[in-house]
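Observations on the three-dimensional arrangement
One-letter residues, chain by chain:
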Amino acid sequence: MDRPASPFRSEHDLLGDRDIPADAYYGVHTLRAVENFPITGTPIAAYPELITALASVKQAAALANRDLGLLEARKADAVVAACEEIRGGKLHDAFVVDVIQGGAGTSTNMNANEVVANRALELLGHGKGEYRHLHPLEDVNLGQSTNDVYPTAVKIALDLTAQRLLEAMEVLRDAFAAKAEEFADVLKMGRTQLQDAVPMTLGQEFASYAIMLEEDRRRLGEACALIREINLGGTAIGTGLNAHPEYAALASRHLRDITGLPLTVADDLVEATQDAGAFVQLSGVLKRIAVKLSKTCNDLRLLSCGPRAGFGEINLPPVQAGSSIMPGKVNPVVPEVVNQIAFEVIGNDMAVTMAAEAGQLQLNAFEPVIAHSLLKSLTHLRAGCLTLADRCVRDITANRDHLARLVDHSIGLVTALNPHIGYEQATAVAQEALRSGRGVRELVLEKGLLTEEELGRVLHPDNLARPHSVRS
């Protein structure tokens, strides 16, 4: 009579033997990490780009070691096939270690080694854990260290995630640009320090948001270029110990082919292994994006406040009831959620800053929290941009009549009239308008300072909102 299959397999590490679930693709090193780091409850699989990047690095390493005759072709082919499956979205649920972990990312690298090895063993016709046929460290991790694998994978993951943010920012930029065109003829009062300033168009206001986004897209693209410099081949501290002299160039070439990214090997791998400057740079750009997005959302909330007791210049689309006690109340919930994303990104930037500063000597041990912070910021900013575009900006409407009344009654209008009626007359009109509550347009016509035709020409949006000469 056959004995029932055991639900566990036994694996060994330097601390001794442990039982692993028989069907698990991870192994003993991963199990230890899961037990040691019950921190966030968020596994590294929460960031698919990171898992894809890890598999890409392991695949490139296997190909390089095969080319160098260090890994037999049969094993290399199995590792490559396993990595391609992971890059295709399979086995991500086997990447179970917490995103925040001690050990400079060693647990993440071990998790990747074990999952790739166990899937490769299956492809070779062996059972999980039968490491005598293909070993996670001897074969999958050949010529590597966590200290070059992990930062390389993190940089690839950041680049891939940043590309998605760039696309989302483009969507939001286009939404603002469309509104700028729609509102090009809508005159309103500009404000400085929340006080009436001079006239502008609502289109100009929305165009400024589109331009700010495009500027930040360019800065993010520049930051991405910096994180494409990798230290793969440096192994433990950048000296390349235990790696073939040609490994770094070969592995990086394969990695470029696999990812499609223009990756370059750093000129000095010792420096690159300890330097977190590219992460700090990227984090700073994300903070810049967050700050400006939040300012834009502040503007949208302010311009739409009311609807009757506030500015009431624009209407944000109503997307949900705003109160459990005040019937009919609608709140600017979409700009509010983007504000909160911005606050988080700014906090993440501080975490990245402190983690980068805390590095010592030849390695920064705190890259897991750097990776987690940056991937969160990128992911949440992307979601915020798309949500703001789809659930808010595209359906904003202008209160045209209200804006026109505000312009007519604003004292700031006299600034535009000053070159035509003189400073003293403009001052007198402003004082009387303030005292009487009457409109500037009405008073100018009543006093005969300008004709209806002249006033219409002076107050045309093209003349009010753009530089032009008032003297012939």
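Placed above this text is the structure.
The present account deals with the structure reproduced in this document. For clarity, every value in this text was computed on a predicted model and none was experimentally measured.

Glancing now at the overall build of the protein. Assigned secondary structure in the protein consists of 18 helices and eight strands. Across its three principal axes, the protein shows a C-alpha extent of roughly 105 × 55 × 35 Å. Excluding contacts between residues fewer than 6 apart, the proportion of contacts in the protein whose partners are at least 24 apart in sequence is 72%. When the accessible surface of the protein is split by element, carbon and sulfur atoms take 52% of a total near 21900 Å². Of the side chains in the protein, 45 bear a positive and 60 a negative charge, and the two mean positions are spaced by 4 Å.

Further remarks concern the pattern of salt bridges. Pairing is possible between side chains of opposite charge, provided their charged atoms come close. The final tally for this structure, using the stated rule, is 34 salt bridges. For Lys188, the salt bridge is made with Glu313, and the minimal N-O distance between the two is 2.8 Å. Of this pair, Lys188 sits in strand S3 (residues 187–192) while Glu313 sits in the loop between helix H10 (277–303) and strand S7 (314–315); the two residues are 125 residues apart in sequence, bridging distant segments of the chain. Residue class for Lys188 comes out buried when judged on its relative accessible area of 1%. Overall, the relative accessible area of 1% leaves Glu313 in the buried class. Arg438 serves as the salt-bridge partner of Glu442, at 3.0 Å between the closest nitrogen and oxygen. Accessibility expressed as a relative area gives 41% for Glu442, which makes it partly exposed. The exposure class of Arg438 is partly exposed, given its relative accessible area of 23%. Three or more residues are tied together by salt bridges with common partners; here these are Glu170, Arg173, Asp174, Glu214, Arg217 and Arg218.

In a regular helix each residue adds 1.5 Å, so 20 residues correspond to 28 Å; helix H2 (residues 48–67) covers 29 Å between its end C-alpha atoms and thus fits that length. Among the 20 residues of H2, 17 are classified as buried, and the element is accordingly described as predominantly covered. Just beyond H2, the residue with positive phi is Gly69, at close to 75 degrees.

Before going further, it helps to examine the packing of aromatic side chains. Tallied over the entire structure, the rule returns four aromatic pairs. With a centroid separation of 6.0 Å and 45 degrees between ring planes, the pair formed by Phe176 and Phe206 is classed as tilted. Taken as a pair, Phe176 in helix H6 (residues 146–182) and Phe206 in helix H7 (residues 202–226) lie far apart in primary sequence, 30 residues in all. In this pair, the class of Phe176 matches that of Phe206, namely buried. Ring geometry for Phe206 versus Tyr209: centroids 5.7 Å apart, planes at 75 degrees, classification edge-to-face. Taken together, the positions of Phe206 and Tyr209, both in helix H7 and three residues apart, correspond to about one turn of that helix. Owing to a relative accessible area of 0%, Phe206 belongs among the buried residues under this scheme. Classification of Tyr209 by relative accessible area gives buried; the value is 2%.

Take the packing of H2 against helix H8 (residues 247–259) next. Where H2 contacts H8, the two axes come as close as 8 Å, and the packing angle between them is 130 degrees. As summarised for this structure, H2 and H8 are arranged oblique, according to the angle between their axes. In this structure, H2 meets H8 at a crossing whose hand is right-handed. On the side of H2, the interface is formed by Ser56, Val57, Gln59, Ala60, Ala61, Leu63, Ala64, Asn65 and Asp67, while H8 contributes Tyr247, Leu250, Ala251, Arg253, His254, Leu255, Ile258 and Thr259. Broken down by class, the residue content of the contact of H2 with H8 amounts to ten nonpolar, five polar and two charged.

Of the strand pairs in this sheet, S3 and strand S4 (residues 195–201) are connected by five bridges, and their pairing is antiparallel. Paired with Arg191 across the strands is Asp196, a residue of S4. Two successive antiparallel strands, S3 and S4, enclose a turn made up of two residues, where Gln193 displays a positive phi of approximately 55 degrees.

Thresholds, definitions, all that
Position numbers for residues start from 1 in each chain and track the written sequence from start to end. The predicted origin of the model limits local features to residues at a pLDDT of at least 70 and limits the giving and counting of side-chain atom pairs to 80 or more, whereas totals for whole chains, interfaces and linings rest on all residues. Excluded from the side-chain calculation are hydrogens and water; included are all heavy atoms of the structure. Numbering of helices and strands runs from the N terminus, with a helix taken as a DSSP run of H or I at least four residues long and a strand as a DSSP run of E at least two residues long. Residues count as neighbours in contact if any of their non-hydrogen atoms are within 4.5 Å of one another. With residues, only the protein chains shown are counted as cover, and all accessible areas are computed by Shrake-Rupley using a 1.4 Å probe. His is not counted, nor are the chain ends, whereas Lys and Arg count as positive and Asp and Glu as negative. Charge positions come from single atoms, namely NZ of Lys, CZ of Arg, CG of Asp or CD of Glu. Criterion for a salt bridge: a side-chain nitrogen of Lys or Arg within 4 Å of a carboxyl oxygen of Asp or Glu. Burial classes: relative accessible area under 20% of the type maximum marks a residue as buried, over 50% as exposed, and values in between as partly exposed (1.4 Å probe, protein chains only). For a helix, the expected span equals 1.5 Å multiplied by the residue count minus one. Centres within 6.5 Å make a pair out of two Phe, Tyr or Trp rings, where for Trp the six-membered ring is used; the pair is then stacked when the planes are under 30 degrees apart, edge-to-face when over 60, and tilted otherwise. Only the stretch in contact is used when fitting a helix axis, every axis being a line fitted to C-alpha atoms; angles between N-to-C directions are given from 0 to 180 degrees. Working rule for angles: under 35 degrees goes down as roughly parallel, over 145 as roughly antiparallel, 65 to 115 as roughly perpendicular, anything else as oblique. For a crossing to be left-handed, the near helix must be turned anticlockwise from the far one by less than a right angle; the clockwise case is right-handed. Under the scheme applied, nonpolar residues are Ala, Val, Leu, Ile, Met, Phe, Trp, Tyr, Cys and Pro; charged residues are Asp, Glu, Lys and Arg; polar residues are all the others, including Gly. At least two DSSP bridges between two strands are required for those strands to pair.

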